Amino acid sequence: MSPQPTPLRLRTLLFVPGDRPDRIPKAAAAGADGIAVDLEDAVALSRKEEARQAVAETLPGLPADGPVVAVRINGVDSAFAEADVAALEPVLGRVDLMIVPMCSTPDAVHAVAALLDAAEARAGLEPGRTGIVPLVETAAGIADARAVASADPRVRTLTFGPADLSRELGVTPTADGEELFVARSQLVLATAAAGRPKPIDGPHLDLDDADGLARAAARARRLGFGGKQVLHPRQIPVVAAAFAPTAEELDRARRIDAAFREAEAAGVSSIRLDDGTFVDYPIAHRARALLAEAAAG
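Residues numbered from 1 in each chain as written. Predicted model: local features only at pLDDT ≥ 70, side-chain atom pairs only at ≥ 80, totals over all residues. Heavy atoms only, no water.

As recorded in an unreviewed UniProt entry, the chain goes by the name CoA ester lyase, listed as coming from Pseudonocardia zijingensis.

Right under this line is the structure:
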């Protein structure tokens, strides 16, 4: 299977309830890099089938040049996941990513990959087209995160679930995040070790706390996350700003790149800048990656 890569510059991933089809187009137009239509926690048990039908009817109307479209299905142990994928099969060509909750072992990824293999074949789609984003939200999942990230070629990256993990650990999630620092760091390391793009951090749950959101997003970026889940459109600009390279960072990256290119041309692979900073290939590569990220928009 050769999956077609989905663009993964997901600095902002906006969640929207699947049983509120009126909100889905609004979410798609809100300016997030991606939307995550939720069939899991945001939908009551009595409304699961209604939500599936609503999502299947709404997704074809979204603009083709809009944000990345993800759908969070129910967990593979819930008895709902198979029905979720079956309902999405007619519109699977509009689903870029499938978010799989409660991913504690690679088995959950394998199960959803098998469902997608069959659904894509029946729908006549390119095999591997729809990516998988495991949602890691248990202690067991954090401990086995590298295996989860490596479980299948469909896995595009990982995303973090602080609410369930906090409940399991008996801690209260905060904007500064010390209580989940180790878990977040392990997820970042595991994703990198598996060769996947930077993971997506979980949401800041207090919708009225813009300052806390900004601190949480900035901290997540410093830890190595590539983006953050958001729960309301008004969180989008705060998170997007936190994950965008600053003017100072870009200016420094340009100076590093220019100086190192000059050194390379002279056959030198390690230099010292005027401010005393030592630069060799890892530092230069990081600067060039930052410039490439900014150029991509």
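Draft legend 1. The overall build of the chain, seen in detail. Counting secondary structure elements, the chain contains 12 helices and 10 strands. Its C-alpha atoms give the chain a radius of gyration of 20 Å, near enough to 19 Å, the size a compact globule of 297 residues would have. Each of the three principal axes of the chain carries a C-alpha extent, and together these read 65 × 45 × 35 Å. Taken over 297 residues, the chain has a buried fraction of 48%. (Helix = DSSP H or I, 4+ residues; strand = E, 2+ residues; numbered from the N terminus. Rg over C-alpha atoms; globule rule 2.2 N^0.38 Å. Buried < 20%, exposed > 50% of the residue type's maximum accessible area, 1.4 Å probe, protein only.)

Draft legend 2. Representation of the packing of aromatic side chains. By the definition in use, this model includes 1 aromatic pair. Ring geometry for Phe 260 against Tyr 281: centres 5.0 Å apart, planes inclined by 80°, an arrangement best described as edge-to-face. Note that Phe 260 is positioned in helix α11 (residues 247–265) and Tyr 281 in helix α12 (residues 281–295), a separation of 21 residues in sequence. Taking relative accessible area as the criterion, Phe 260 reaches 0% and is therefore assigned buried. A cation over an aromatic ring shows up here: Lys 48 above the ring of Phe 80, its NZ or CZ 5.8 Å from the ring centre. (Phe/Tyr/Trp six-rings, centres within 6.5 Å; stacked < 30°, edge-to-face > 60°. Lys NZ or Arg CZ within 6 Å of the ring centre and 35° of its normal.)

Draft legend 3. Molecular detail of the UniProt feature "domain: HpcH/HpaI aldolase/citrate lyase" (unreviewed entry) in the chain. When the UniProt feature table is mapped onto this chain, "domain: HpcH/HpaI aldolase/citrate lyase" (unreviewed entry) is found at residues 11–233. Secondary structure across residues 11–233 divides into 39% helix and 15% strand, with the first and last C-alpha atoms of the span separated by 13 Å. (UniProt positions renumbered as here; feature names shortened; annotations may be inferred.)

Draft legend 4. Up close: the environment of Ala 193. Looking at the element boundaries, Ala 193 is found in helix α8 (residues 181–193). Residue Ala 193 is classed as partly exposed on the basis of its relative accessible area, which comes to 40%. Placed 46 residues apart in sequence, Ala 193 and Ala 147 show a C-alpha to C-alpha distance of 9.8 Å.

Draft legend 5. Focus on unusual backbone geometry. Unusually for a residue other than glycine, Ala 79 sits at a positive phi of about 75°. Here Ala 79 is to be found in the loop between β3 (68–72) and α3 (81–88). In this structure, Met 102 is a non-glycine residue whose phi angle is positive, near 55°. Among the secondary structure elements, Met 102 is positioned in the loop between β4 (97–100) and α4 (106–123). By relative accessible area, Met 102 is classed as partly exposed at 35%.

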